[in-house]
Amino acid sequence: MIFRISLILSALLLSSCTRTFYREQADDETYGAIRERDADPRWALNQIDILPPPGSRLHDPYDPDFPPMPPDDAAAGEYLLRADGKRGWKHWWDHGTVPSVELSEWQSALPLTDGKLILAPEVIMQQAQLNGREYRTQIENLYLSSLDLTLNRFEFATQWFATNRTIYEHFGTNGLPTETNTLTTDSNLGFNRSLAAGGQLLVNFANSFVWEYTGKTQGVSSNISMNFIQPLLRDFGRQVRMEALTQGERSLLYQVRIFARFRKELYVDLAVNRYLQLLQQAQFIRNQETNVLRQEQNYARQQAQRLAGKTTIVQEDQAFTALQEARAQITQDKTDLENGLDRFKLELGLPPTVPARMDESPLQAFLFSDPKLDQLQVEFDQLQLEFRKHYEKMTVEQMDQWVGRLNDFHQRAMFFLNQIEKETEAWKKQPVQGIDQADVQRVQQFRDGLSTQLSQVRKELLEFPSMLEQFKVVSKRLAMNDRKRMFELRVRDIELAVGQLFVIQNQVRVYSINLPAIKMTEDEAIRLAIENRLDLMNDRARVVDAWRQVAIQANQLEAYFNIVTGMDIGTQPGSLRPFDFSAAASRYRVGFQFEGPLNRQIERNNYRQSLIQYHRARRDYMLRQDQVMLELRLALRQLETDRQNFEISRRAFIAATRQVESVPLQLRLNRSIDPLEQLNTLSQLLGAKNTLISRWFSYERGRMQLLLATEQLQVDDQGMYRDDSRTSIQFEPPSPPRSGDTPRPVELFSRGMGIH
């Protein structure tokens, strides 16, 4: 029986649970501790997993407890085979090998559209959480903090132990009495327990068995020992003994808050700041493309002016050079956008080779004029240039064909008139924004007068076909130069009407962009931040952490005075019964241990340092709170500045638009146009458009940053901020009809990023 007990204890000692068991046990305790902190919605987390899910670039499909060997560096791998001339372990490859550190299958899970990843905010956050290295590191930090806590909790759990020592000993030769063969086995089974007030309890059952192979049992002895130590001065009390556990529990809460705020910051950084930055670059390219159209129009205009003898070849060359510079700028802007897009992919955890493009649907609101309306304006000057090249040899029949082209222009102009009237009616239903009340009234007056302007344009366009018919009749009796001059007047007539539509559409669309309001006073913003900022909560709690250390370090200044008790209940020597405990073989102890506080130099310094650290923590928190208040005050001021600058830019853009469209009127009045002034006008229009858009993006970034700074920005399980209060109206330009088509009404759709 005794031998069986020894074998059982030995088996317990030699046996151990599997790697999988310990990993899953650690996960259960760790995730459980994290879930305990999900009660407060301000930092509630969705289900997290330390292992990246399938579909992630970081996912490892192999056995997590026995991962196959990754590919090694060829030169370094030689030292696995042989190190310092000694043969290495030959079982490194027992679990197989993988051909690459990164598995290629993850790319099949990418949500591609037409072979490309469309980077909208939802997709950005999905990829950042799925593949982002920083996001995975933050999850690991949270897990490791919780894992540390499980060890702090285990310190106060009942900790069992089982040991066995079995030795076979041979002595002497030639049999009895000089030769002995002895088997000795010593086993221990027990537990220790740490108590919250500083006490330590140790209980141990020890068994010793000696077997002599001559058949004579030499002895069996068993002993149950219990020892208890309770400090009464130094190391006494829950404030000292539970410090590590208390700090572990608090530190996990801090890490949960850190991770919750990190998710919000990740959204603002990637789905707002970086996304808007790339969208801004894309919009600049669009603006530059429109500028190239205008430069082409100006170049055609200068060519026509030179053919009429009104400009020189030098002035024409200036227009040509400006056109080429605009085209070169587009090439550079597109390169910068592609470079920025590749860098953005790295931030999302994607390789730069993944084909991707930005979801540019929010930029639809910054399409201040229909691109086909821009193209129509360019065609007027191209038509006039072509006409001047051929009119000297043109017959009356050929002139009719040119008149037919003007009919086509008229039909397209009528389509845009109908479209702009629809857009105007939609804008009239939106609230008016302005710098102040007087500015709002000016915009309202402009809006009230739009119907009159559009009615006048409609009247002019409705009269245009009859003017063309009259021209066709009269032109047959006119000299060539008179016919040319009258035809060009008709071109300018339709061009002026289209120019008015262009200006009105730009005004309507730019006024349709309303900045989302910030209904938050400075006092309210500060109150919200002080009450709800997760990082401030942690900073405030860390002051208490430093404060606790004062009492803990003060305790170390005390003398050691410990109550010590114990007992050993044993069996009689020579007994063959391992459980035949006897009072005669038992001992009991009680007493104390004392060490005077004669040498406390280290403890004294630690105590004094804890006082300083506490006051530093107070100062740090006050500074952090002041920094938050400063951050909010600066943010609110900048938002108001951005709002006013946006309104100013809106007016500047409208003025630049009017300047550009003043050229056809001057030509209609047969006035000369300074080519350099025209180039400056186009440059001013491009700059005004870029400035307007930059200030809108600046306002939107600042608005989201303010929501984050006051902890009012909450993200869902997908890491997205859902702002249901924001709506938008954007103008989607349909394709204009060809000759004979019936114009269809403009389509409106609600989509975008807070653009009205």
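Computed from a prediction, not measured in an experiment: that's the story for all the values here.

Asker: Hey, could you run me through the overall build of the protein in this one?
Answerer: When helices and strands are tallied, the protein shows 17 helices and 13 strands. Taken over C-alpha atoms, the radius of gyration comes to 42 Å for the protein, far larger than the 27 Å a tight globule of 756 residues would show. On the principal axes, the C-alpha backbone points of the protein span a range of 150 × 60 × 45 Å. Burial statistics for the protein: of 756 residues in total, 44% are counted as buried. Of the contacts made within the protein by residues no fewer than 6 positions apart, 79% connect residues no fewer than 24 positions apart. Of the accessible surface of the protein, which amounts to about 38,900 Å², a share of 54% is contributed by carbon and sulfur atoms.

Asker: Honestly, a nonpolar patch on the surface in this entry has me stumped. Any pointers?
Answerer: Where nonpolar side chains cluster on the molecular surface, the patch consists of Leu81, Trp89, Trp92 and Trp93 and spans about 450 Å² of accessible area. Considering the arrangement of structural elements, one finds Trp92 in the loop between strand 2 (86–87) and strand 3 (112–113).

Asker: Please clarify how the side chain of Gln505 should be interpreted in this entry.
Answerer: Relative to the assigned elements, Gln505 resides in helix 12 (residues 480–511). Within the structure, Gln505 has its side chain in polar contact with the backbone nitrogen of Asp370 (distance 2.9 Å). In this structure Gln505 touches Phe368, Ser369, Asp370, Leu373, Gln419, Ile420 and Glu423, once residues within four positions along its chain are discounted.

Asker: I keep staring at the packing of aromatic side chains and nothing clicks. Help me out?
Answerer: Two measures describe an aromatic ring pair: the distance that separates the ring centres and the angle between the ring planes. Considering all chains together, one arrives at 26 aromatic pairs under this definition. On the numbers, 5.5 Å between centres and 10° between planes, the contact of Trp427 with Tyr511 is stacked. With a gap of 84 residues between them, Trp427 in helix 10 (residues 396–428) and Tyr511 in helix 12 connect regions that are remote in the sequence. Residue classification places Trp427 among the buried residues on the basis of a relative accessible area of 1%.

Asker: Sorry if this is basic, but what is going on with the packing of helix 14 (residues 534–555) against helix 15 (residues 601–660) here?
Answerer: When two helices pack together, their arrangement is captured by the angle between the axes and the distance separating the axes. In contact at an axis separation of 8 Å, helix 14 and helix 15 are set at 165° when each is read in the N-to-C sense. Between helix 14 and helix 15, the angle is such that the two are roughly antiparallel. The crossing of helix 14 and helix 15 is left-handed. Listed contacts from helix 15 to Asp535, Leu536, Asp539, Arg540, Arg542, Val543, Ala546, Trp547, Gln549, Val550, Gln553 and Ala554 of helix 14 are Asn606, Tyr607, Ser610, Leu611, Gln613, Tyr614, Ala617, Arg618, Tyr621, Arg624, Gln625 and Val628.

Asker: In this structure, what is going on with the pattern of salt bridges? I would like to understand it.
Answerer: Two side chains with opposite charge may pair up if their charged atoms get near one another. Summed over all chains, the structure comprises 53 salt bridges. For Arg722, the salt bridge is made with Glu122, and the minimal N-O distance between the two is 3.8 Å. With Arg722 in the loop between helix 17 (675–709) and strand 12 (730–732) and Glu122 in helix 4 (residues 121–131), this pair connects stretches of sequence that are 600 residues apart. In this structure Arg722 comes out as partly exposed when scored by relative accessible area, which is 43%. Between Glu386 and Arg405 there is a salt bridge, with its nearest N and O atoms 3.6 Å apart. Taken together, the positions of Glu386 in helix 9 (residues 371–390) and Arg405 in helix 10 put the pair 19 residues apart, joining distant regions of the chain. Sharing partners across several salt bridges, the network here consists of Arg261, Lys264, Glu265, Arg533, Asp535, Asp539, Arg542, Arg624, Glu631 and Glu711.

Asker: Which parts of the structure should I look at to understand the sheet that holds strand 4 (residues 116–119)?
Answerer: Within a sheet, neighbouring strands are paired by backbone hydrogen bonds and run either parallel or antiparallel to one another. The mixed open sheet is built from 3 strands, whose spatial order is 3-4-9. Each of the sheet's edge strands pairs with one partner strand only, and the pair in question is strand 3 and strand 9 (356–358). By the bridge criterion, 2 bridges tie strand 3 to strand 4 in an arrangement that is antiparallel. Bridge assignment links Leu112 to a residue of strand 4, and that residue is Leu117. Along the sheet, helix 8 (residues 313–347) contacts strand 4 and strand 9; its crossing angle with strand 9, the most-contacted strand, is approximately 105°.

Asker: Looking at this structure, how should I read the side chain of Asp65?
Answerer: Topologically, Asp65 is positioned in the loop between helix 2 (19–35) and helix 3 (74–81). Within the local environment of Asp65, its side chain forms a polar contact with the side chain of Arg23, the two groups lying 2.8 Å apart. Look past the residues within four positions of Asp65 in its chain and what remains in contact with it is Arg19, Thr20 and Arg23.

Asker: How should I be thinking about helix 2 in this particular structure?
Answerer: The end-to-end C-alpha distance of helix 2, which contains 17 residues, comes to 24 Å, matching closely the 24 Å that a straight helix rising 1.5 Å per residue would cover. Residues of helix 2 that are buried make contact with helix 5 (133–154) and helix 7 (243–307).

Asker: It is not clear to me how unusual backbone geometry should be interpreted in this structure. Could you clarify?
Answerer: The backbone phi angle of Asp84 is positive, close to 55°, even though this residue is not glycine. Structurally, Asp84 can be placed in the loop between strand 1 (82–83) and strand 2. For Asp84, a relative accessible area of 68% corresponds to the exposed category. Despite not being glycine, Asp235 shows a phi value in the positive range, around 70°. Relative to the elements of secondary structure, Asp235 occurs in the loop between strand 8 (217–231) and helix 6 (238–241).

Asker: Mind showing me how you'd approach the environment of Gly55 here?
Answerer: The topology assignment puts Gly55 in the loop between helix 2 and helix 3. Each C-alpha atom, one on Gly55 and one on Val268, is 24 Å from the other, the two residues being 213 residues apart in sequence. When near neighbours in sequence (up to four residues on either side) are disregarded, Gly55 contacts Trp106, Ala109, Leu130 and Asn131.

Asker: Would you mind showing me how to read helix 13 (residues 522–532) here?
Answerer: When we look at burial in helix 13, the residues that qualify are Ala525, Ile526, Leu528, Ala529 and Asn532. Projected down its long axis, helix 13 shows its buried positions confined to an angular sector of 165°, all on one face.

Asker: Mind showing me how you'd approach the packing of helix 12 against helix 15 here?
Answerer: Packing of helix 12 against helix 15 leaves a shortest axis separation of 10 Å and a crossing angle of 170°. Here helix 12 is positioned roughly antiparallel relative to helix 15, judged by the angle of their axes. In this structure, helix 12 contributes Phe502, Val503, Asn506, Gln507, Val510 and Tyr511 to the contact, and helix 15 contributes Arg650, Arg651, Phe653, Ile654, Thr657 and Arg658. For the contact of helix 12 with helix 15, the class distribution of residues is 6 nonpolar, 3 polar and 3 charged.

Asker: Before we go on, may I ask you to explain the nonpolar core in this structure?
Answerer: Inside soluble globular proteins, nonpolar side chains tend to come together where they are buried. Formed by 132 residues in total, the largest nonpolar core has its most connected members in Leu119, Tyr267, Leu406 and Leu461. For this core, the element with the highest residue contribution is helix 7, accounting for 18 residues. When sequence neighbours within four positions are dropped, the list of residues in contact with Leu406 reads Leu383, Phe464, Leu468, Phe487, Arg490, Val491 and Ile494. Core analysis: the next-biggest nonpolar cluster, separate from the first, contains 6 residues, Val292, Tyr299, Ala319 and Leu323 among them.

Asker: For this particular structure, what's the right way to read the confidence of the model for the protein?
Answerer: Note: predicted coordinates in regions of low pLDDT should not be interpreted at a detailed level. When pLDDT is averaged along the protein, the result is 85; 90% of the residues meet or exceed 70. Predicted confidence is poor over residues 724–756, with pLDDT under 50, and the contacts of this stretch with residues over four places away or in other chains come to 90 contacts.

Asker: How do you make sense of the environment of Asn46 when you look at a structure like this?
Answerer: By the secondary structure assignment, Asn46 is in the loop between helix 2 and helix 3. We classify Asn46 as buried; its relative accessible area is 19%. A C-alpha to C-alpha distance of 9.4 Å links Asn46 and Arg35, two positions 11 residues apart in sequence. Other than its neighbours up to four places away in sequence, Asn46 contacts Arg263 and Asp717.

Cut-offs used in this document
Residues numbered from 1 in each chain as written. Predicted model: local features only at pLDDT ≥ 70, side-chain atom pairs only at ≥ 80, totals over all residues. Heavy atoms only, no water. Helix = DSSP H or I, 4+ residues; strand = E, 2+ residues; numbered from the N terminus. Rg over C-alpha atoms; globule rule 2.2 N^0.38 Å. Buried < 20%, exposed > 50% of the residue type's maximum accessible area, 1.4 Å probe, protein only. Contact = heavy atoms within 4.5 Å. Areas by Shrake-Rupley, 256 points an atom, 1.4 Å probe, with all protein chains shown as cover. Patch = residues over 30% accessible without salt bridge, like charges linked within 9 Å, V, L, I, M, F, W, Y side chains within 5 Å. Salt bridge = Lys/Arg side-chain N within 4 Å of Asp/Glu carboxyl O. Polar contact = N/O pair within 3.5 Å; in protein donor to acceptor, adjacent residues only side chain to side chain. Phe/Tyr/Trp six-rings, centres within 6.5 Å; stacked < 30°, edge-to-face > 60°. Axes fitted to C-alpha atoms, helices over the stretch in contact; angles between N-to-C directions. Parallel < 35°, antiparallel > 145°, perpendicular 65-115°, else oblique. Left-handed = near helix turned anticlockwise from the far one by under 90°. Pairing = 2+ DSSP bridges. Expected span 1.5 Å × (residues − 1). Arc of directions from axis to C-beta. Nonpolar A, V, L, I, M, F, W, Y, C, P; charged D, E, K, R; others polar. Core = buried A, V, L, I, M, F, W, Y, C linked by side-chain atoms within 4.5 Å. pLDDT = per-residue confidence, 0-100.

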